[in-house]
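# Analysis of the macromolecular model
As a plain string of letters, each chain reads:
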Amino acid sequence: MVQRAQRVKKASTGPAQRDIVPRDAGRSRITPFGNATRGTTNPNRLRRVDRWLAGPEAWRLRRDRSPGSAPLVVDLGYGGSPTTAVELYARIHAVCPDAHVTGIEIEPERVRVAKPLEHDGLDFRVGGFEIPVPGHATMVRAFNVLRQYDEADVRLIWDTVRSRLSPNGIFVDGTCDEIGRRSTWVALDASGPQTLTISMRFGSFKRPSDVAERLPKALIHRNVPGERINDFLQALDQHWLAAAPLAPFGIRQRWLLMCQGMYDGGWPVARNPSRWRLGELTVAWSAVAPGLDEA
């Protein structure tokens, strides 16, 4: 059953804006900013974005390390099972052993169920987009969360979460299928959205544009002629078809040629063959932003 998109419920302290949450938010008593969502998840579903955070984005964790202060990573809206938060801890801990991971859920019962899994470096608490933690977060990951909200609320939510980031921080708003074979995410820092990444398991698609049904909320309704995201997906398909002669050598080789074709064709994609080999491609937000977006 498809759940109808909801308008976001604002925090009790007033309209959600950048300065809504004080620095001591972890000790404040405010109504969580957001709505209860379905909360469905599966083990290993978010492996692709976790691999990205622990890979090319791990420099943020290193820069936020200081004596007596550990980088904070937030799994925002982890759902009915704390599995994704536990997995995020393991993957982040492998590259930054002193990082602290906090799972945040708006449903108190989901937090109660997760509490027995707490240990040094991992905790769970009730909250929403206001991110009720002391200090500021280095990484905030919200996957399959905003897709359940109204598109009109995306900017408000983005701005609220971004206000809780450290100077080196990143907020990842993404969507994936039920078992994590097709994923997309927008990466935002304190200044706004920076990139869109698509990541797909080889063999899980016929054309790259098959990922359209898993676009983030800010883009999923914009995949129509005249919008940049539509142009981007159409260009991917064109280069994918042009790379067909490499199909006998495997899907990965064909994907690599497609990515190189996008780069050579002037698209502002990150030229990173090691990431391309994983079925991943990152493009500048300005190349795919909605037509009315000023970013």
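For the structure, check the block above.
Reference entry: report on the structure contained in this document. Counting restarts for each chain: residues are numbered from 1 in the order of the written sequence. pLDDT decides what is reported in this predicted model: residues at 70 or higher carry local features, side-chain atom pairs at 80 or more are listed and counted, and totals for whole chains, interfaces and linings draw on all residues regardless. Excluded from the side-chain calculation are hydrogens and water; included are all heavy atoms of the structure.

What follows concerns the overall build of the chain. Numbering of helices and strands runs from the N terminus, with a helix taken as a DSSP run of H or I at least four residues long and a strand as a DSSP run of E at least two residues long. When its secondary structure is counted, the chain shows nine helices and eight strands. Throughout this description, buried means an accessible area under 20% of the type-specific maximum (1.4 Å probe, protein chains only), exposed means over 50%, and partly exposed covers the range between. Within the span of the chain, comprising 295 residues, buried residues form 53% of the whole. Residue pairs at least 24 apart in sequence account for 69% of intrachain contacts in the chain once pairs closer than 6 positions are excluded. Here the accessible surface of atoms and residues is derived via Shrake-Rupley with a 1.4 Å probe, and residues count as covered only by protein chains that are part of the display. A total of about 13100 Å² of accessible surface is found on the chain, and carbon and sulfur atoms cover 50% of it. Any two residues having at least one pair of non-hydrogen atoms within 4.5 Å are treated as being in contact.

Bringing the nonpolar core into the picture now. As used in this record, nonpolar core signifies buried Ala, Val, Leu, Ile, Met, Phe, Trp, Tyr and Cys residues forming a set joined through side-chain atoms within 4.5 Å. One finds Phe232 and Trp255 to be the most contacted residues of the largest nonpolar core, which totals 51 residues. When residues in this core are grouped by element, the largest group, six residues, is from helix H7 (residues 228-242). If near-sequence neighbours (up to four positions away) are discounted, Phe232 is found in contact with Met262, Trp267, Val269, Leu281, Val283 and Val288. By size, the runner-up hydrophobic cluster in this structure holds 26 residues, among which are Tyr78, Ala99, Val101 and Cys176.

Salt-bridge detection follows one rule: a side-chain nitrogen of Lys or Arg within 4 Å of a carboxyl oxygen of Asp or Glu. With the rule as written, the count across this model stands at 16 salt bridges. Arg91 serves as the salt-bridge partner of Glu87, at 3.8 Å between the closest nitrogen and oxygen. Taken together, the residues Glu87 and Arg91, both in helix H3 (residues 83-93) and four residues apart, mark about one turn of the helix. The class of Glu87 is buried, set by a relative accessible area of 16%. A salt bridge links Glu109 to Arg112; the nearest nitrogen and oxygen atoms lie 2.5 Å apart. Placement of both Glu109 and Arg112 in helix H4 (residues 108-114) is noted, with a separation of three residues, approximately one turn of the helix. Residue Glu109 is classed as partly exposed on the basis of its relative accessible area, which comes to 43%.

Here we take up the side chain of Asp177. For Asp177, the position within the fold is in the loop between strand S5 (165-176) and strand S6 (182-189). In this charge count, Lys and Arg are treated as positive and Asp and Glu as negative; neither His nor the chain ends contribute. Buried charge without a salt bridge: Asp177, with Arg182 as the nearest opposite-charge side chain at an N-O distance of 5.1 Å. One polar contact links the side chain of Asp177 to the main-chain amide nitrogen of Arg181, over a distance of 2.7 Å. With residues up to four places along the chain from it excluded, the contact list for Asp177 reads Arg45, Arg182 and Arg214. In protein, a polar contact means a hydrogen-donor-capable atom and an acceptor-capable atom, both N or O and within 3.5 Å, with residues adjacent in sequence counting only if both atoms are side-chain atoms; elsewhere, any N or O pair within 3.5 Å suffices.

Before going further, it helps to examine the environment of Thr184. As for its placement among the helices and strands, Thr184 is situated in strand S6. In the structure, Thr184 is positioned 136 residues away from Arg48 in sequence and 9.3 Å away in space, judged by C-alpha atoms. In contact with Thr184, other than residues within four places in its own chain, are Phe143, Gly174, Thr175, Leu196, Thr197, Ile198, Val211, Arg214, Leu215 and Pro216. Looking at Thr184, its side chain comes within polar contact range of the main-chain oxygen of Arg214, at 2.6 Å.

Time to look at the sheet that holds strand S7 (residues 192-200). Should DSSP find at least two bridges between two strands, the strands are taken to pair. Pairing in this open sheet of eight strands is mixed, and the strands run S3-S2-S1-S4-S5-S6-S7-S8 from one edge to the other. For this open sheet the edge positions go to strand S3 (122-126) and strand S8 (280-284), each flanked by a neighbour on one side alone. Across the sheet, the mean angle from the axis of one strand to that of its neighbour is 20 degrees, orientation sign disregarded. Sheet analysis places strand S1 (residues 72-76) next to strand S4 (residues 137-143), joined by three bridges and oriented parallel. Along S4, the bridge assignment pairs Val73 with Met139. Contacts from helix H5 (residues 154-162) reach S1, S4, S5, S6 and S7, with the element oriented near 145 degrees to S5. Throughout, an axis means a line fitted to C-alpha atoms (over the contacting stretch in the case of helices), and angles, computed between N-to-C directions, take values from 0 to 180 degrees.

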